[in-house]
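Here is how the chains run, residue by residue.
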Amino acid sequence: MFKTYDVIVVGAGHAGCEAAAAAANLGSSVLLITMNMETIAQMSCNPAMGGVAKGQIVREIDAMGGYSGIIADKTTLQFRMLNLSKGPAMWSPRAQNDRKRFAEEWRLALERTPNVDFWQDMVSSLIIKDNVVCGVKTSIGVEIHGKSVVLTNGTFLNGLIHIGEKKFGGGRTGEKSATGLTEQLTSIGFEAGRMKTGTPPRVDGRSLNYSLMEEQWGDENPGRFSYTKVERSKEQRCCWITYTNSKVHETLKEGFEKSPMFTGRIKGLGPRYCPSIEDKINRFAERDRHQIFVEPEGWNTVEIYVNGFSTSLPEDVQYRALTQIPGFENAKMFRPGYAIEYDYFPPTQLDLTLETKKIKNLFFAGQINGTTGYEEAASQGFIAGINAHQKVNDQHELIMKRSESYIGVLIDDLVTKGTEEPYRMFTSRAEHRLLLRQDNADIRLSPIGHELGLISDERLEIVKQKVANSDEIVAFSRKQGIEMSQANDMLQELGTSPISQNVKLFSLLSRPQVSIEDVRKVSPALNELLSKFDQETVEQAEIKIKYDSYFEKEQEIVAKMQKMEDKDINPDFDYAQLNSLSKEAREKLLKIKPRTLGQASRISGVSPSDISVLMVHISR
């Protein structure tokens, strides 16, 4: 029945979908195996994409030729750019999506992608010969051979669902868990652990009283994730905000004695930055309320996602507590929230390509690596799919740098530092976040996508034109002056000090209180120039002007750090011979086998003095 595939992808969540698409678009023959063809790209929890730092990741995937941004734009219910009151390094796009249409669009995109085949089954084990993966075996006894395998199992590996004192096997509500793979991998020396995540109850939107809630609309002029011009709805749906209260908290506490979290029945660690509601009221006992986001699940459904109310308490406790939230007094529950425990493999067992160190041509991506979130999973799948293709075709591997992308920060953090709790991306994790903005992801990464073959010549030309156009605006602002009489009335109105002489536009625009839109109103020459360009180009130019000196300093820091990043370390280097290293450093270095001196310096337990010792021996 089956040919030998170049890449077999196990699991069709966000990581699996991006892995399959990337490898296929590069020319590999791909088999995507999923336990249920009806749940490809299912949004298991919140029907939303992006958010703080996560939105940057989606734009990076799109900039390199991935699908997540396109699918998100096609299925957007509401779009908001978060953190606009802060600097552009913090601006983060987020969209509320139509859950059903998101999955449907992903499946259609994959079905339209040449080289992708599908198979519905559970993978129970891998075919491994001489420490090289050669294919998979399924639960119905089928053997399928492949040159590489990408595991993207999500929460399905020995998944266990908890609702109060009840527990049952499952990778997601209504779907069975996957067995066999963990047992095989641990038997050949892989280290495995358990993690936990959760989801809130879903309710009937017709039973809610929205007049008691705050409306939350999207941006008046909504942005997009994809740098391509995707056709999308011009309308947006409203979301709402309400709050818990002391009555809600007291009701929830009644179920604590049956909580699988507090009684110890759940062993895995949950996400620190997305805690359950019972965890919130336990950890933050001083707070008398917590915010609840009331979010629609789609255009044509009454189902509502109760964001902020993730819980694994007994269903009757969940319901009674829900009905004490303003607007939820008559709420009808569609299904209760639950927690799910699942197996993961500490990612220090991977190379920076996401290939495992123990088994060649075997790649891990997504929650199997200890991450949480669709965006983190999608980016790993995208990189794993690319590297699986590159490996079986003897092409150069793709390793993303920390200084060029959030994806690079994510993978380097996982492989170098590991994680014992679900990893979530934040802007604070990126030391060069001023350079890694959502607005310039195409400028940073489209050349890489083009070199690989995922970005067309035409699309790269658009990026080059965007750079040229924004540079033209910057250059114009350095040459074009403005008279005091033109500027001072505007400056006074903005509450900033007047100028005492004629200045260049660049000087005026460098002020944080002054926007390019303010200046174009009093400078006919600037207005004439800006009218030639789209808003994205104008925004890019304004950011370049305002942060010019900061960018220069940041680039200098990157250049200094790059010297360490460029110092390669032989993967077979014998750290045991270096008696000058601390014992902990030797153990960590032997385990992780860093690619570069820079990566070695980020390993927990490796001190600056250990790095100095390494530098001496590498130089020799």
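Residues numbered from 1 in each chain as written. Predicted model: local features only at pLDDT ≥ 70, side-chain atom pairs only at ≥ 80, totals over all residues. Heavy atoms only, no water.

(A) Local environment of the layout of surface pockets. Estimates place the volume of the second largest pocket at around 920 Å³. Lining the second largest pocket are 28 residues; nearest its centre among them are Met81, Leu84, Trp91, Gln535 and Glu539. Put simply, the parts of the chain that give the lining of the second largest pocket at least two residues each are β4 (76-82), α15 (516-522) and α17 (535-546). Classifying every residue of the lining of the second largest pocket gives ten nonpolar, six polar and twelve charged. (1 Å grid on protein atoms, 1.4 Å probe; cavity = no way out; pocket = protein on both sides within 12 Å on 5 of 7 lines; lining within 4 Å. Points joined across faces, edges and corners; volume = space filled by probe spheres on them. Helix = DSSP H or I, 4+ residues; strand = E, 2+ residues; numbered from the N terminus. Nonpolar A, V, L, I, M, F, W, Y, C, P; charged D, E, K, R; others polar.)

(B) Expanded view of the sheet that holds strand β1 (residues 7-10). Spatial ordering of the open sheet is given by β6-β2-β1-β10-β21, a layout of five strands whose pairing is parallel. Either end of the sheet is taken by a strand with one partner, and the two such strands are β6 (116-120) and β21 (362-364). When strand polarity is set aside, the average angle formed by the axes of neighbouring strands in this sheet is 20°. The pairing of strand β2 (residues 30-34) with β6 spans five bridges and is classified as parallel. Paired with isoleucine 33 across the bridge in β6 is tryptophan 119. (Pairing = 2+ DSSP bridges. Axes fitted to C-alpha atoms, helices over the stretch in contact; angles between N-to-C directions.)

(C) Just the sheet that holds strand β9 (residues 143-145), in detail. Pairing within the open sheet is antiparallel, and its three strands lie in the order β7-β8-β9. The open sheet has two edge strands, β7 (123-129) and β9, and neither has a second partner. Each neighbouring strand pair of the sheet contributes to a mean axis angle of 30°, computed without reference to strand direction.

(D) Spatial organisation of the environment of arginine 232. Tracing the backbone shows arginine 232 in the loop between β15 (214-216) and β16 (239-243). Arginine 232 sits 161 residues away from isoleucine 71 along the chain, and the two C-alpha atoms are 10.0 Å apart. With residues near it in sequence (within four places) discarded, arginine 232 still touches Asp73, Pro222, Gly223 and Arg224. (Contact = heavy atoms within 4.5 Å.)

(E) Looking closely at the UniProt feature "binding site: FAD" (unreviewed entry) in the chain. Sequence positions flagged by UniProt for "binding site: FAD" (unreviewed entry) are, in local numbering, Gly11, Ala12, Gly13, His14, Ala15 and Gly16. You can see alanine 12 is positioned in the loop between β1 and α1 (14-25). If near-sequence neighbours (up to four positions away) are discounted, alanine 12 is found in contact with Cys17, Leu32, Ile33, Thr34, Thr39, Ile40 and Ala41. In this structure, alanine 15 sits in helix α1. With residues near it in sequence (within four places) discarded, alanine 15 still touches Thr152, Ala365, Gly366, Ala377, Ala378 and Gly381. (UniProt positions renumbered as here; feature names shortened; annotations may be inferred.)

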